[in-house]
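Next come the chains, spelled out residue by residue.
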Amino acid sequence: MIIAQQKPLKDIAALISECNKVMLVGCAGCVTVCLAGGEKETEIMASSLRMMREVEGKPLQTITYTATRQCDPEYIPPMDEMVKDVDAVISLACGVGVQYMAERYTDKWVIPALDTKFIGGSTVHGEWVEKCGLCGECILHKTGGICPIIRCSKSILNGPCGGSQYGKCEISKDVDCAWQLIYDKMKALGKLDKLMEIQPPKDWSKSRDGGPRKAVREDVMIG
Amino acid sequence: MKYLSKLHKILDSGQFAVTAEIGPPKHASVEGVKHHAHMMKDYVDATNITDCQTAIVRISSIATGVHVLGAGIEPIVQMTCRDRNRIAMQADILGAYCLGMRNMLCLSGDHQKFGNHPTSKNVYDVDSMQLIQALRRMRDDKVFFSGEEIKECEPRFFIGAVANPFADPFEYRIDRLEKKVEAGAQFIQTQCIFDMERFERFMEKVRERGIDQRVHILAGLTPLKSWRGAKYMQSNVSGMIVPDSIVERLKSAEDPKKEGVDLCIEQIKYVREKIKGVHGVHVMAIAWEEIVPEIVERSGLYPRPQVDPSELE
């Protein structure tokens, strides 16, 4: 899922300092699961902003709504009436949701309340880690199910580099060396010979370097 | 046979090679570089020119290489994969060759986190293995990385790579070395050796697989100036092993600098005389280039062999 985290509240408050009424829009998708922009977080943020403004002697009006998914245009129109008289929309979705909101409400200023971080999963409650680099051409079958594109700090395809020691990456003793993990897994699978194959340079045109990507499934298109 | 470079000729003719290292400065004057080059000129066969080592901005390795070459030393241009994509790399490969560079050392490069621009973006469009292979294909197959033909004057480098026997997983370090040789590496410089026992184990496995017959391995050695320097490397540099005994030896020395030089000379003699398969030494006198002539001379490696330019391509 997409992992996002809230921007500092004071930063969001500063962005809307001139507004009298704002709408906060949560999302019931990934950001609910990672506890950043679900219904609960949306209500808490709205009340926190109101309190800040109350203290400043410049009360703020808020309305809140949580869309089933902000990354799906069909869930946006139900907000058409609500956004009409607000000065700004604060989206607690990932960057995709913020853009769908801005696209539909062309005359509204849409503010991101979250920093969209990465694609990953949870380890323990309250901790999420990055697992997929969205490179557009999965190679996990070659690397024992461990992604070197995103988990190696240099995205090396023929690792590990000379900075790997005691199982850790040179950048930090808190970061596992992805290639040590790959080595261990391939060894356990009896497939170390696979690591002797020189992996050729990657086709980054399948990643973001080819420009914004599009995935098409003609078989499920309607009409 | 014509050789690709002086270093190539010295190594291929079975002579024990000596390389050193010159770190370009963090400003636009090459006076210091020229001074170091002049000083080392007769004592080394070639010098590495580092490529923004530890991710700190410095004069580019190729630009510095031009001055080193002018001062009479054959440069070994270091090229990391951190800062350039394959287009920029090839442009620089062609550029370095047309400026007279003949040796290139391919490395991953230190992560930018360690340098003076930790908020920069790293590139790693290709990794060091792929760079070695592509550099070989440019020379032997006359093709760019993409496979497109190089119609004339292909860059013909003597290709180097690095190996770190002190990084993990230990067993895979031998595999990875072999992989680099398969990719096209002709000479290898190792990470600074302080843990001689581990290096010997590494070389034993290298010999078992005959890798030393297929590539020239130069043992990387660094003279230490102080026990604090040793301690710093021991605790802060990933991929480095500095035994406590070395820290202690410098700590108890009356003149730590002299002790550091003595130790380095002992190590050079040891790898040369006792470890089979080592074809040379790479003396990395970090920020201490002045000491290289003394180390080379006292190690019994002076004078250096002469190479007739007519033997080179």
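See above for the structure.
Residues numbered from 1 in each chain as written. Chains lettered and ligands numbered in written order. Predicted model: local features only at pLDDT ≥ 70, side-chain atom pairs only at ≥ 80, totals over all residues. Heavy atoms only, no water.

A word on unusual backbone geometry
Residue and element names in this part refer to chain B. P169 follows D168 through a cis peptide bond whose omega is -10 degrees. With respect to the element layout, P169 can be found in the loop between β5 (158–163) and α6 (170–183). Phi is positive for C153, which is not a glycine, with a value near 45 degrees. Examined against the element boundaries, C153 turns out to sit in the loop between α5 (128–140) and β5. (Helix = DSSP H or I, 4+ residues; strand = E, 2+ residues; numbered from the N terminus.)

A word on the packing of aromatic side chains
All names here are of chain B. Tallied over the full model, the rule gives five aromatic pairs over all chains. Look at Y97 and F157: their rings are 5.5 Å apart centre to centre, the planes differ by 75 degrees, and that puts the pair in the edge-to-face class. Remark: F157 occurs in the loop between α5 and β5 and Y97 occurs in helix α4 (residues 86–98); sequence separation between them is 60 residues. Each member of the pair Y97 and F157 is classed as buried. Centre to centre, the rings of F199 and F202 are 6.3 Å apart; their planes meet at 20 degrees, and the pair counts as stacked. Here the residue F199 and the residue F202 both occupy positions in helix α7 (residues 196–208), the gap between them amounting to three residues, near one helical turn. Overall, F199 belongs to the buried group, its relative accessible area being 0%. (Phe/Tyr/Trp six-rings, centres within 6.5 Å; stacked < 30°, edge-to-face > 60°. Buried < 20%, exposed > 50% of the residue type's maximum accessible area, 1.4 Å probe, protein only.)

Observations concerning the nonpolar core
Soluble globular proteins: nonpolar side chains tend toward being buried together. All names here are of chain B. Membership of the largest hydrophobic core comes to 76 residues, with the highest contact counts inside it found for I93, F157, L177, F199, F202, V271 and V281. Take this core: its biggest share by element is six residues, from α5. Leaving out residues up to four positions away in the same chain, V271 has contacts with M196, F199, A219, L221, V278 and V281. (Core = buried A, V, L, I, M, F, W, Y, C linked by side-chain atoms within 4.5 Å. Contact = heavy atoms within 4.5 Å.)

Brief notes about empty space enclosed by the protein
It is a probe the size of a water molecule, rolled over the atoms, that shows where empty space is left. This model, assessed by the stated rule, comprises two cavities of 30 Å³ or more. Its volume calculated, the largest cavity comes out at about 110 Å³. Lining the largest cavity are 15 residues, with C152(A), S153(A), C161(A), C169(A) and C177(A) positioned closest to its centre. For the lining of the largest cavity, the secondary structure elements donating two or more residues are β8 (168–169) and α7 (178–188) of chain A. Grouping the amino acids of the lining of the largest cavity by side-chain chemistry returns seven nonpolar, three polar and five charged. Space inside the second largest cavity adds up to approximately 50 Å³. Looking at the second largest cavity, the residues that line it are K142(A), T143(A), L157(A), N158(A), W179(A), K194(A), L195(A), E197(A), Q199(A), Y172(B) and K179(B). (1 Å grid on protein atoms, 1.4 Å probe; cavity = no way out; pocket = protein on both sides within 12 Å on 5 of 7 lines; lining within 4 Å. Points joined across faces, edges and corners; volume = space filled by probe spheres on them. Nonpolar A, V, L, I, M, F, W, Y, C, P; charged D, E, K, R; others polar.)

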